[in-house]
Number of protein chains: 2
Amino acid sequence: MSRIERIGGAPTLEQVAAAAGLSRATVSRVINGSPRVTAEAVAAVNAAVDELGYVPNRAARVLASRRTQSIALVIPENTARFFSDPYFASAVQGAAMGTARTDYTLTMLITSESDPDKTRRYLRGGNVDGALVISHHSDDRSYVELGDELPVVFGGRPVGEGAERAYYVDVDNEEVAGMAVRHLASRGRRRIASIAGPQTMAAGLDRHRGWRLAVQEAGLEHGPEAVGDFTPEGGAEAMRALLASGEPFDGLFAASAQMAHGALGVLRDRGVDVPGTIGAVTVDDDYFARNAAPPLTTVRQPTVALGGRMVDVLVARIEGSEVPRVTIMPIELVERGSG
Amino acid sequence: MSRIERIGGAPTLEQVAAAAGLSRATVSRVINGSPRVTAEAVAAVNAAVDELGYVPNRAARVLASRRTQSIALVIPENTARFFSDPYFASAVQGAAMGTARTDYTLTMLITSESDPDKTRRYLRGGNVDGALVISHHSDDRSYVELGDELPVVFGGRPVGEGAERAYYVDVDNEEVAGMAVRHLASRGRRRIASIAGPQTMAAGLDRHRGWRLAVQEAGLEHGPEAVGDFTPEGGAEAMRALLASGEPFDGLFAASAQMAHGALGVLRDRGVDVPGTIGAVTVDDDYFARNAAPPLTTVRQPTVALGGRMVDVLVARIEGSEVPRVTIMPIELVERGSG
DNA sequence: ATGAAAGCGCTAACAA
DNA sequence: TTGTTAGCGCTTTCAT
C-alpha cells in the first residue's frame, strides 16, 4: 500500500482491501456482485465495508468502467407549464420512483432557452447512459435525432422526422377516443362533438382520428369539432366555437381533462345542463377531471406507471436487452357524473 | 502523446491539446476560465474545441477536482402525493430551472421505503456537493442532521431537533396569515374562523399562530378552529367540524388553497353563500385557488422563485460564500371573489 | 504563462 | 479464485 492513509473524508476501496486482507480487485468484485469470489471473501469485505462505512466513489467508478449509471430526464423549457400539468407531474414522479428501484441516478435537464445546445452537449458528452424525454404536450421533437447517439425513450409517441425509429411508451390514443365515444353511444348520445388537441402532437392527432373513426363505426353522427391547446382556456374557447357553429350535438369528447374542465365552465355559464343536455367524456383522471362540475367521466391513463415503464425500457436498452420499440399502457374508463 | 488516438467516442482533452499545440494543463486552464493564460492560447483552444466538438468528461473532472458539480433534490417518498401538490411541483420546477442557470446538475432522489438508507448513503458517499430538501408538507425531518455532513438547504422551515441550525428558504408564514386576516377585517368581517394545517409542520404551526395573533391585534373575535391535513378532503372535513361547533363566524382563514377548495364545497352544499355570508381567504395561488367556486382571494407565495432561491443559497454555501441562514420570500395578496 | 508529472478511486484485462 | 497492473480523462502542484 503505497498511498498515505486518508485522514478525513470517505474511506477508499484500498482501505477496505487492507482491512479485509484482500486486494482491491477482489474487493471490487465483491462490491459489484461478481460470482467469482469465495464466500469468505464476501464476508470479509462486507465486514470491512460495514466497519468503515465505505461508499464507492461514483466518479471513479464511472471513469474506470465507462458506464455512468445515470440517466437524464429531459424537459423542454418551452413547456412552461410543465409541472402544473398533472400528466407531466405524474410521469416525472413515476420516472423518479422507477429510477429509485435501480442503481441508476436521475438527472433533471431543463433545456435552457438562453443556451439551447447546453442540454445536447451534456447528453452527447458521455455524462449519461441514456435519456428520457417527455414530450406529450410539446411539439419539440428536436430530441428524436438524439436517439441515434444514445439510448432515448420517449413518453408519448414522438412525431416528425425519424420518429419511426424512436422508442416510446404511450397509450393507444385512438382507442382512448374510441372508448370514450362508445361509452357516449351506450348512453344514448347520437351526435358527438369533439374538442381536439393540437394537431401537431401525436396525442392530439390520434385522439381526433379515434373520435372520427369510432363515431363512424358506432353509426353515429359527427357533431361539430374544434381544436384546443390542451389547456382549460383552450377548452373554453373551443366550446364557444362549438356552440357558435350552430350544429347540434348531445355528446362531447374532449381530448384532455383540462380542456373539458374549461368547456364545462362555458356550458354552465350558458345554462346548458351536463349530463342532461350534453354528455361529456374526456381523457386523464386528474384533479381537473375530479373537480369539474359535474365530475368528469374519463378515460384514465396510468401516468405514474407510464413514467416507471419508461425507465424500465431505457435501462433494458442500456444494458443491451431486447425490448419492443413501442410499449402501450392499458387504459380504463372511469364513470362519473358528466356522461 | 503516449496514448493511442481514440477511434470513436468523445474527443479528450489530450486531443484538444494536440490540435491546439499546447499542453493538457493549459487547455485545462482555458476550459476552466483561468486568468493565467494568454489570449492566443484561449483562441487556439477554443478553435480546437469547436473543431473537435470537445465536451469535458464530467467523471474525470469530478475525480480529479474532488468537486462533483452536482446537487441532490431529496423527495420523501412518504409524501405520496408529492407531485400532485402544486406547491411541490412549482418548487421543483424552480429548483430545476435554477440549477440550469449554473454549472451544477440536479439529481432527483426519491427516498426508497424498501431501503431507507440508500438515499443517506448516496448523499454521504461524496456523490453530490449539497442537497435540497423540500419538506413543506411532510414532517419527515430526518434530513436535518444531514446538514452537519454536507451543505443542505430546506424548502420550508424544518422543525425538530437541530432545526435551528438549518438553512432554509421560506415565506413568513405568520405574516401570511396576518395578511389574510387583515384583509378580512378590512372587508368588515368580525369573527374569523381558522382551518389550520398539520401542527407538526412549520407552515401549519406558523400560519395558525399568525391567525391567532392577527385576529387579536385587529380587535376581532376568534371564530371556531379546526385542523386539516392540507388536502381538499381535509379541508371539507374541517369545515364540517367548524359548522358543527355551533360557533358563529363571518370570516374564514384556511391555511391552504386545497383545504379552502374542499371547505367551499361543503359551504356550497349547505347553501351558505360565499362571500355573502362568509368571507374566505386562503394561501397559495394555484389551480385550487383559481378554480374554486367562487375563486379564492389568497396570499400568493412565489413557489417557483422559492425553488430557484434554494439553489442559489445552496450553491453559495458550496462555494464558500456567506449567506444568511434564513431567506424569506415576499408574499402578496391576490383578491378574487371569495372574500 | 506554460509544461511535466503525479495522482483522483476505481475497474478490467491479464497472470498466476 | 485472487492479485498485479494499467489506465479511465481530468486537475493541480511544482518547476521552468
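Residues numbered from 1 in each chain as written. Chains lettered and ligands numbered in written order. Predicted model: local features only at pLDDT ≥ 70, side-chain atom pairs only at ≥ 80, totals over all residues. Heavy atoms only, no water.

**Structural notes on the overall build of chain A**
Then comes step 1: Looking only at helices and strands, chain A has 12 helices and 12 strands in total.
Then comes step 2: The dimensions of chain A, computed from C-alpha atoms along their principal axes, are 85 × 40 × 35 Å.
Then comes step 3: Among the 339 residues that make up chain A, the fraction classed as buried is 56%.
Then comes step 4: Taking all contacts inside chain A whose residues are at least 6 apart in sequence as the whole, residues at least 24 apart take part in 71%.
Then comes step 5: The distance from the centre of the 35 positive side-chain charges to the centre of the 42 negative ones in chain A is 3 Å. (Helix = DSSP H or I, 4+ residues; strand = E, 2+ residues; numbered from the N terminus. Buried < 20%, exposed > 50% of the residue type's maximum accessible area, 1.4 Å probe, protein only. Contact = heavy atoms within 4.5 Å. Lys, Arg positive; Asp, Glu negative; His and termini not counted. Charge placed at Lys NZ, Arg CZ, Asp CG, Glu CD.)

**Description of the interface of chain A and chain B**
Then comes step 1: Of the residues lining the interface, 34 residues belong to chain A; the matching set on chain B comes to 35 residues.
Then comes step 2: Summed over both partners, the interface of chain A with chain B comes to about 3100 Å²; 62% of that surface belongs to carbon and sulfur atoms.
Then comes step 3: Counting the surface chain A buries against chain B, the share from its top three residues, A:Phe83, A:Met108 and A:Tyr287, is 18%.
Then comes step 4: Counting across the interface, chain A meets chain B through 0 salt bridges.
Then comes step 5: In this structure, the connection of chain A to chain B is made through 12 residue pairs in polar contact (both at pLDDT 80 or more).
Then comes step 6: Looking at the side of chain A that touches chain B, the element that brings in the most residues is helix α5 (residues 86–100) of chain A, giving 6 residues.
Then comes step 7: Of the residues assigned to the side of chain A that touches chain B, the class counts are 19 nonpolar, 9 polar and 6 charged. (Buried area = accessible area lost by both parts, 1.4 Å probe. Salt bridge = Lys/Arg side-chain N within 4 Å of Asp/Glu carboxyl O. Polar contact = N/O pair within 3.5 Å; in protein donor to acceptor, adjacent residues only side chain to side chain. Nonpolar A, V, L, I, M, F, W, Y, C, P; charged D, E, K, R; others polar.)

**So, helix α7 (residues 173–186) of chain B**
All names here are of chain B.
Then comes step 1: Taking 1.5 Å of rise per residue, 14 residues should cover 20 Å, and α7 covers 20 Å from first to last C-alpha, within 8% of that figure.
Then comes step 2: When you tally the buried positions in α7, you get 10 out of 14 residues, the bulk of the element.
Then comes step 3: The complete set of buried residues in α7 reads Asn173, Val176, Ala177, Gly178, Met179, Ala180, Val181, His183, Leu184 and Ala185.
Then comes step 4: Residue aspartate 172 occupies the N-cap position of α7, its side-chain oxygen lying 3.1 Å from the main-chain nitrogen of glutamate 174.
Then comes step 5: Note on α7: the residue one or two positions beyond its end, glycine 188, has a positive phi of about 90°. (Expected span 1.5 Å × (residues − 1).)

**Some remarks on the sheet that holds strand β10 (residues 297–300) of chain A**
Residue and element names in this part refer to chain A.
Then comes step 1: Pairing within the open sheet is mixed, and its 6 strands lie in the order β7-β6-β8-β9-β10-β12. Both edges of this open sheet fall to β7 (221–227) and β12 (332–334), since each of them pairs with a single strand only. With direction set aside, neighbouring strand axes in the sheet form an average angle of 20°.
Then comes step 2: Pairing analysis gives 3 bridges linking strand β9 (residues 279–283) to β10, with the strands arranged parallel. Among the inter-strand pairings, threonine 282 is bridged to a residue of β10, identified as threonine 298.
Then comes step 3: On the sheet, helix α7 (residues 173–186) packs against β6 (191–196), β8 (251–254), β9, β10 and β12 and is oriented at approximately 165° with respect to β9.
Then comes step 4: Across the sheet, helix α8 (residues 202–217) lies against β6, β7, β8 and β9, angled at about 170° from β7, the strand it touches most. (Pairing = 2+ DSSP bridges. Axes fitted to C-alpha atoms, helices over the stretch in contact; angles between N-to-C directions.)

**Concerning the packing of helix α1 (residues 13–20) of chain B against helix α2 (residues 24–31) of chain B**
Residues and elements named next belong to chain B.
Then comes step 1: It is at 9 Å that the axes of α1 and α2 come closest, and there the two elements cross at 100°. In this view, α1 runs roughly perpendicular relative to α2, as classed from their interaxial angle. Of the residues in α2, those touching α1 at Leu13, Glu14, Val16 and Ala17 are Arg24, Val27 and Ser28.
Then comes step 2: Of the residues that constitute the contact of α1 with α2, the class distribution is 4 nonpolar, 1 polar and 2 charged. (Parallel < 35°, antiparallel > 145°, perpendicular 65-115°, else oblique.)

**A closer look at the domain arrangement of chain A**
Then comes step 1: Annotation of chain A at the domain level lists domain 1 (13–65), domain 2 (70–170 + 304–329) and domain 3 (173–301).
Then comes step 2: Using only C-alpha atoms to locate each centre, domain 1 of chain A and domain 3 of chain A end up separated by 59 Å. (Domains from an automatic or database assignment.)

**Re the pattern of salt bridges**
Then comes step 1: Inspection of every chain in the model, using the stated rule, returns 32 salt bridges over all chains.
Then comes step 2: Across the pair A:Asp148 and A:Arg165 runs a salt bridge, and its minimum N-O distance is 2.9 Å. You can see A:Asp148 sitting in the loop between β3 (130–134) and β4 (152–155) and its partner A:Arg165 sitting in the loop between β4 and β5 (167–171), a full 17 residues away along the chain.
Then comes step 3: A salt bridge links B:Asp285 to B:Arg300; its shortest N-O distance comes to 2.8 Å. Taken together, the positions of B:Asp285 in the loop between β9 (279–283) and α11 (287–291) and B:Arg300 in strand β10 (residues 297–300) put the pair 15 residues apart, joining distant regions of the chain.

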